[in-house]
Amino acid sequence: MKLCKTCGAKLNDDAAFCYICGGAAVQADTIKAPTDFDDTEATTVLNESEFDDKAEETTVLSGNSPYQNGNSYQNNNLYQGGNNQSEYSNIIEKPSFKDCYIKFWKNYTNFSGRARRSEYWYVVLANILISLVTMIPYVGPVIDGLYMIAILVPTLALMVRRLHDLGKDWYYIFFALIPLVGQIIMLVWFCTDSQVGANEFGENPKGVN
């Protein structure tokens with residue numbers, strides 16, 4: 001059987017030309033199957049497409065893509081750290097109630113250095129609770145009196161360190177002797193936050209810059 005080389009029509013074995021389009025008649029076994037097409041053009045197209053993809057990928061990786069925005073995204077990102085990270089990297093966590101009370105006794109006669117607010121007020125709270133517990137008839141007042149004597153010196157030392165934390169010298173403690181007004185002033189001072197940075201009495205106990 002012969003086929004038309006142009007249109008593919010089936011022809012008789014003795015046909016020389018196609019009676020439909022006039023194309024040359026050839027043996028059927030000499031024509032490539034539909035799948036046997038020349039893939040040169042397709043290969044060329046694929047190669048060009050692959051080249052374009054790689055070129056686009058190269059552009060993105062080089063930082064020229066608007067989605068990458070070069071280095072500006074990293075430089076402007078607040079979560080990258082920089083100065084913001086270093087500013088808070090030295091913060092010391094707030095001490096616990098137990099730690100402050102133990103430190104209170106360890107610094108029994110320590111009148112130097114600084115003490116943050118939590119160190120002072122946790123000790124005040126502990127002393128109040130102990131005083132309430134010792135309010136037992138007969139035995140309680142004796143124990144309470146002995147306890148008050150025992151904490152006299154460390155309490156004065158703690159008050160001085162708290163004043164140091166505000167940048168004030170030890171003799172400001174005498175404001176507490178002024179009736180009412182002095183006590184209010186002392187209360188305000190002891191509720192005031194630590195002086196920023198280091199002062200003449202030492203580093204900031206909170207550790208912040």
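Residues numbered from 1 in each chain as written. Predicted model: local features only at pLDDT ≥ 70, side-chain atom pairs only at ≥ 80, totals over all residues. Heavy atoms only, no water.

Draft legend 1. Representation of the nonpolar core within the structure. One finds Leu-158, Met-159, Ile-173, Met-186, Trp-189 and Phe-190 to be the most contacted residues of the largest nonpolar core, which totals 15 residues. Of all the elements in the fold, those that place two or more residues in this core are helix H5 (117–133), helix H7 (152–165) and helix H8 (181–190). The element best represented in this core is H7, accounting for 4 residues. Leaving out residues up to four positions away in the same chain, Leu-158 has contacts with Phe-104, Ala-115, Glu-119, Tyr-120 and Val-123. In terms of nonpolar packing, the next biggest core, distinct from the first, is built from 6 residues, Cys-4, Leu-11, Cys-18 and Ala-25 among them. (Core = buried A, V, L, I, M, F, W, Y, C linked by side-chain atoms within 4.5 Å. Buried < 20%, exposed > 50% of the residue type's maximum accessible area, 1.4 Å probe, protein only. Helix = DSSP H or I, 4+ residues; strand = E, 2+ residues; numbered from the N terminus. Contact = heavy atoms within 4.5 Å.)

Draft legend 2. Fine view of the packing of helix H4 (residues 97–106) against H5. Two numbers describe how H4 lies on H5: the axes approach to 9 Å, and their chain directions differ by 85°. By the criterion of interaxial angle, the relationship of H4 to H5 is roughly perpendicular. Residues Phe-97, Cys-100, Tyr-101, Lys-103 and Phe-104 of H4 pack against Ser-118, Glu-119, Tyr-122, Val-123, Leu-125, Ala-126, Asn-127 and Ile-130 of H5. For the contact of H4 with H5, the class distribution of residues is 9 nonpolar, 2 polar and 2 charged. (Axes fitted to C-alpha atoms, helices over the stretch in contact; angles between N-to-C directions. Parallel < 35°, antiparallel > 145°, perpendicular 65-115°, else oblique. Nonpolar A, V, L, I, M, F, W, Y, C, P; charged D, E, K, R; others polar.)

Draft legend 3. Broad picture of the packing of aromatic side chains. By the definition in use, this model includes 14 aromatic pairs. On the numbers, 5.3 Å between centres and 70° between planes, the contact of Phe-104 with Trp-105 is edge-to-face. Phe-104 sits in the buried class, given a relative accessible area of 1%. Among the residues examined, Trp-105 registers a relative accessible area of 29% and is labelled partly exposed. Each ring, one from Tyr-172 and one from Phe-175, has its centre 5.8 Å from the other, and the planes form 10°; the classification is stacked. Given a relative accessible area of 28%, Phe-175 falls into the partly exposed group. (Phe/Tyr/Trp six-rings, centres within 6.5 Å; stacked < 30°, edge-to-face > 60°.)

Draft legend 4. View of empty space enclosed by the protein. One pass over the full model with this rule turns up 1 cavity of 30 Å³ or more. Taken as a whole, the largest cavity spans an internal volume of roughly 30 Å³. For the largest cavity, the full set of lining residues is Cys-100, Lys-103, Phe-104, Glu-119, Val-123, Leu-158 and Arg-161. Listing elements by their share of the lining of the largest cavity, those giving two or more residues are H4, H5 and H7. Ranked by the residues each element gives to the lining of the largest cavity, the list is headed by H4, at 3 residues. Class assignment of the residues belonging to the lining of the largest cavity gives a composition of 4 nonpolar, no polar and 3 charged. (1 Å grid on protein atoms, 1.4 Å probe; cavity = no way out; pocket = protein on both sides within 12 Å on 5 of 7 lines; lining within 4 Å. Points joined across faces, edges and corners; volume = space filled by probe spheres on them.)

Draft legend 5. Quick look at the sheet that holds strand S2 (residues 10–11). Spatial strand order, S2-S1-S3: 3 strands in an open sheet with antiparallel pairing. At either end of the open sheet lies a strand with only one pairing partner, and these are S2 and strand S3 (25–27). Two elements, strand S1 (residues 2–4) and S3, share 3 bridges in a ladder whose sense is antiparallel. Following the sheet pairing, Lys-2 is matched in S3 by Gln-27. (Pairing = 2+ DSSP bridges.)

Draft legend 6. Representation of the packing of H7 against H8 within the structure. Interaxial distance between H7 and H8 falls to 10 Å at its minimum, and their mutual angle equals 65°. Relative to H8, the element H7 lies roughly perpendicular. The element H7 and its partner H8 pack so that their crossing is left-handed. Between H7, through Met-159, Arg-162 and Leu-163, and H8, the contact on the second element is made entirely by Met-186, Trp-189 and Phe-190. Grouping the amino acids of the contact of H7 with H8 by side-chain chemistry returns 5 nonpolar, no polar and 1 charged. (Left-handed = near helix turned anticlockwise from the far one by under 90°.)

Draft legend 7. View of the environment of Tyr-108. By secondary structure assignment, the location of Tyr-108 is in the loop between H4 and H5. Along the primary structure Tyr-108 and Ile-151 are separated by 43 residues, whereas in three dimensions their C-alpha atoms are 8.4 Å apart. Contact partners of Tyr-108, with chain neighbours within four places excluded, come to Ala-150, Val-153, Pro-154 and Ala-157.

Draft legend 8. Spatial organisation of the pattern of salt bridges. If you walk through the whole model with that rule in mind, you get 5 salt bridges. Taking the shortest distance from any N to any O, the salt bridge between Glu-119 and Lys-103 comes out at 3.2 Å. Pair noted here: Glu-119 is in helix H5 and Lys-103 is in helix H4, with a separation of 16 residues, a long-range link. Take Glu-119: its relative accessible area is 7%, and that puts it in the buried class. Under the relative-accessibility criterion, Lys-103 is labelled partly exposed at 34%. Note that Asp-193 is salt-bridged to Lys-206, the shortest N-O span being 2.5 Å. Taken together, the positions of Asp-193 in the segment after H8 and Lys-206 in the segment after H8 put the pair 13 residues apart, joining distant regions of the chain. (Salt bridge = Lys/Arg side-chain N within 4 Å of Asp/Glu carboxyl O.)

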